[in-house]
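Now for the letters of each chain:
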Amino acid sequence: MTRTGLDLTEQLGPFVLADTPTETELDALRAWLPGRRWFPVKHGSARIEPWLSVRFGDGSDPVIHLLRVQGEGEPVVVQVPVVRRTDVATDAPERIAELDGTVLIDACYDPVFWASWLALAQWGEADSRDGVDTDLAGARVLAVEQSNTSILFPKVAGGAICKVFRTVAVGANPDVDIPRALVQAGWAGVPRPYAWLELASSEHGIDLMDLGVLCEFVDGASDGFQLACAFATDERSFTDQARDLGRTVAEMHLALARAMPSAGQTVGLEWLRTELRRRARGAVDAVDALGSRARAIEQLLAQLGAALPDAADHLLELQHVHGDLHLGQALWAEDTGWRILDFEGEPMRPVAERIRPDLPVRDVAGMLRSFDYAAAVGQANDPQWALDAREAFLAGYRAVLPEPDAEALAALEQDLVLALELDKALYEVVYEANNRPDWLWIPLQAVDRILTQAHG
Ligand SMILES: Nc1ncnc2c1ncn2[C@@H]1O[C@H](COP(=O)(O)OP(=O)(O)O)[C@@H](O)[C@H]1O
Ligand SMILES: O=P(O)(O)O[C@H]1O[C@H](CO)[C@@H](O[C@H]2O[C@H](CO)[C@@H](O)[C@H](O)[C@H]2O)[C@H](O)[C@H]1O
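Anyway, here's the lowdown on the structure attached to this text. (Residues numbered from 1 in each chain as written. Chains lettered and ligands numbered in written order. Predicted model: local features only at pLDDT ≥ 70, side-chain atom pairs only at ≥ 80, totals over all residues. Heavy atoms only, no water.)

1. Thoughts on the site of ligand 2
For the record, the criterion: Whether a residue is near a molecule or strand depends on its heavy atoms: if one lies within 4 Å, it is near. Here a polar contact means two N or O atoms within 3.5 Å. Within protein one must be a hydrogen donor candidate and the other an acceptor candidate, and residues neighboring in sequence count only if both atoms are side-chain atoms. Per-residue and other accessible areas follow the Shrake-Rupley method at a 1.4 Å probe size, with only the shown protein chains counted as cover for residues. Each helix is a run of H or I in the DSSP string that is no shorter than four residues. Each strand is a run of E no shorter than two, and both are numbered from the N terminus. In this count, Pro and Cys sit with the nonpolar residues alongside Ala, Val, Leu, Ile, Met, Phe, Trp and Tyr, while Asp, Glu, Lys and Arg are called charged and the others, Gly among them, polar.
Near ligand 2, the surroundings consist of 15 residues, among which Ser-147, Ser-370, Tyr-427, Glu-428 and Tyr-431 are the closest. Within the side chain of Asp-342, an N or O atom sits 3.2 Å from an oxygen atom of ligand 2. Between ligand 2 and Glu-428 there is a distance of 2.6 Å, counted from an oxygen atom to a side-chain nitrogen or oxygen. Protein chains shield 92% of the accessible area of ligand 2, which is 540 Å² for the free molecule. Elements represented by at least two residues in the shell around ligand 2 include exactly helix 9 (361–377) and helix 11 (407–435). Counting residues per element, the shell around ligand 2 draws most heavily on helix 11, at four residues. Across the shell around ligand 2, the residue classes break down as six nonpolar, four polar and five charged.

Take a look at the structure:
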């Protein structure tokens, strides 16, 4: 989708150049960053160096530092808005360090940062900032586990939420452009994006970099994962919600295909096997517990599509998908049904991999994995709870997007669901090992179940 508004030949967009952090500030940031949930390097030491620092062009005092972070993988850039304040409580979550009689804080918590953000963001075609209520009353940073940092503005534009992207990259962020495209295509299953903050600097090779997005806040909605866990704990059937969710995901796929046509892009089955093998080997190398499963994983992938006579060169059609779909990315409200969030793709993948067209069945598999998580975390006593939710979700999805008639092709679709569930479970093993080791058993158990199912 083409952006309008910001003149990309204009240096820095709405910003002016600022000083990079001083040595003392840098030391403080180097000590503070690795403890953040959103910091991308999870193991070993990370090299953190200044890259580009900017201020808002309105003269306000917060500074946005873009820092280059080199950990075990590819280097990434993290966004760290900071500002100096006094009178900051010693246990305040925004506190970074006390320096020269002031406190360096995370500016995501700062009203001056909020006001400048709202004033200098690029507002969408249909919404001009003029006339939008930018009252900051009640604004607060969400205290949820997330890969970025979100600020809730109950009064702005009737209720809005701003996501400050923590890992940033050159190019449009899919979490800005995909929801915009979906809304333009007439799909109401996604919160409406209102505004986004762009940076451009030819000197730094940045034609466009998204720093954050503001969108409609879905008030009174439940987080799909918490809802499903509560149902699992109470032994209440989740099938009605799961069936509805299946329908919503299928409608999302139809809307994505309409909104962002990928010109009939295809991949061969052999290509897919190679790609899944590469990802599986990456997971096996990253987490020791997977070593003993490596052979069985390779066998499952080798059998993918074996029922097809022309399995080697069978072509699979690609399209834009969500890419990291799970129950926590879905909000449920009695009156509006399901709304889907967070189109950034899997945060542990390189950006180029996250934005390319993919198989819609990847999203189906992601959601199926989530029912398994909800059953585990909600401690459902009966294994049937997750199986029922799973079947209902698939039935809802298939009611909108039926499986192919031909038996071999329908069998291939089922193989694909299983292979992508395995792919997701392997990703989750790495994710849990990095972030929540106490939950590592959940995807590990799933890997074993999938392998047993596949090998009879
Ligand atoms: N538009 C919205 N309306 C209401 N709540 C939201 C909205 N967007 C996000 N949230 C809440 O914030 C949480 C984190 O948002 P998400 O986009 O998944 O962040 P991240 O990409 O950083 O993980 C969600 O699980 C949801 O509870
Ligand atoms: O929401 P994010 O984009 O940050 O996604 C990452 O974190 C998710 C957890 O917050 C993680 O999801 C996994 O845990 C969920 C329960 O917390 C579960 O419902 C999902 O099925 C499971 O994949 C996601 O994988 C990760 O990319």
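Past the structure itself, the notes keep going.
2. Some details on the site of ligand 1
Residues in close proximity to ligand 1 total 18 residues, the closest being Gln-146, Asn-148, Lys-163, Glu-216 and Asp-342. Here Asn-148 contributes a backbone N or O atom positioned 2.8 Å from an oxygen atom of ligand 1. A distance of 2.8 Å is found between a nitrogen atom of ligand 1 and a backbone nitrogen or oxygen belonging to Val-218. Isolated, ligand 1 exposes 560 Å² of accessible area, and the fraction of that covered by the protein chains is 87%.

3. Focus: the packing of helix 11 against helix 12 (residues 441–454)
Test applied: The angle between two axes is taken between their N-to-C directions and runs from 0 to 180 degrees, where each axis is a line fitted to C-alpha atoms and a helix contributes only its stretch in contact. An angle counts as roughly parallel when it lies under 35 degrees, as roughly antiparallel when it exceeds 145, as roughly perpendicular when it falls between 65 and 115, and as oblique in every other case. It is the rotation of the near helix from the far one that decides the hand of a crossing: anticlockwise by less than a right angle makes it left-handed, clockwise makes it right-handed. Between two residues, a contact is recorded if the distance between any of their heavy atoms is within 4.5 Å.
Look at helix 11 against helix 12: their axes get within 8 Å of each other, and the N-to-C directions meet at 155°. For the element pair helix 11 / helix 12, the angle class is roughly antiparallel. Regarding helix 11 and helix 12, the two cross each other, and that crossing is left-handed. Facing helix 11, whose interface residues are Leu-418, Glu-421, Leu-422, Ala-425, Leu-426, Glu-428, Val-429 and Glu-432, helix 12 presents Pro-443, Leu-444, Ala-446, Val-447, Ile-450, Leu-451, Gln-453 and Ala-454. Residue composition of the contact of helix 11 with helix 12, by class: 12 nonpolar, one polar and three charged.

4. Examining the sheet that holds strand 10 (residues 160–164)
Threshold: Here the rule is simple: two strands pair whenever DSSP picks up at least two bridges between them.
Judged by pairing direction, the sheet is antiparallel, and its six strands sit side by side in the order 7-12-13-10-9-8 without closing on themselves. The two strands at the open ends of the sheet, each matched to only one other strand, are strand 7 (122–123) and strand 8 (140–141). Contacting strand 10, strand 12 (193–201) and strand 13 (206–216), helix 3 (residues 174–184) runs over the sheet at an angle of about 140° to strand 12.

5. Things to note about the side chain of Glu-94
Test applied: Each residue is assigned to one of three classes by its accessible area relative to the maximum for its type, calculated with a 1.4 Å probe on protein chains only: buried under 20%, partly exposed between the two thresholds, exposed over 50%. Just so you know, the count uses Lys and Arg for positive and Asp and Glu for negative, and it drops His and the chain ends. We define a salt bridge as a side-chain nitrogen of Lys or Arg found within 4 Å of a carboxyl oxygen belonging to Asp or Glu.
Within the secondary structure, Glu-94 sits in the loop between strand 4 (76–85) and strand 5 (95–99). One buried charge, Glu-94, has no salt-bridge partner; the nearest side chain with opposite charge is Arg-95, at 8.3 Å. In contact with Glu-94, other than residues within four places in its own chain, are Val-88, Leu-104, Ile-105, Asp-106 and Tyr-109.

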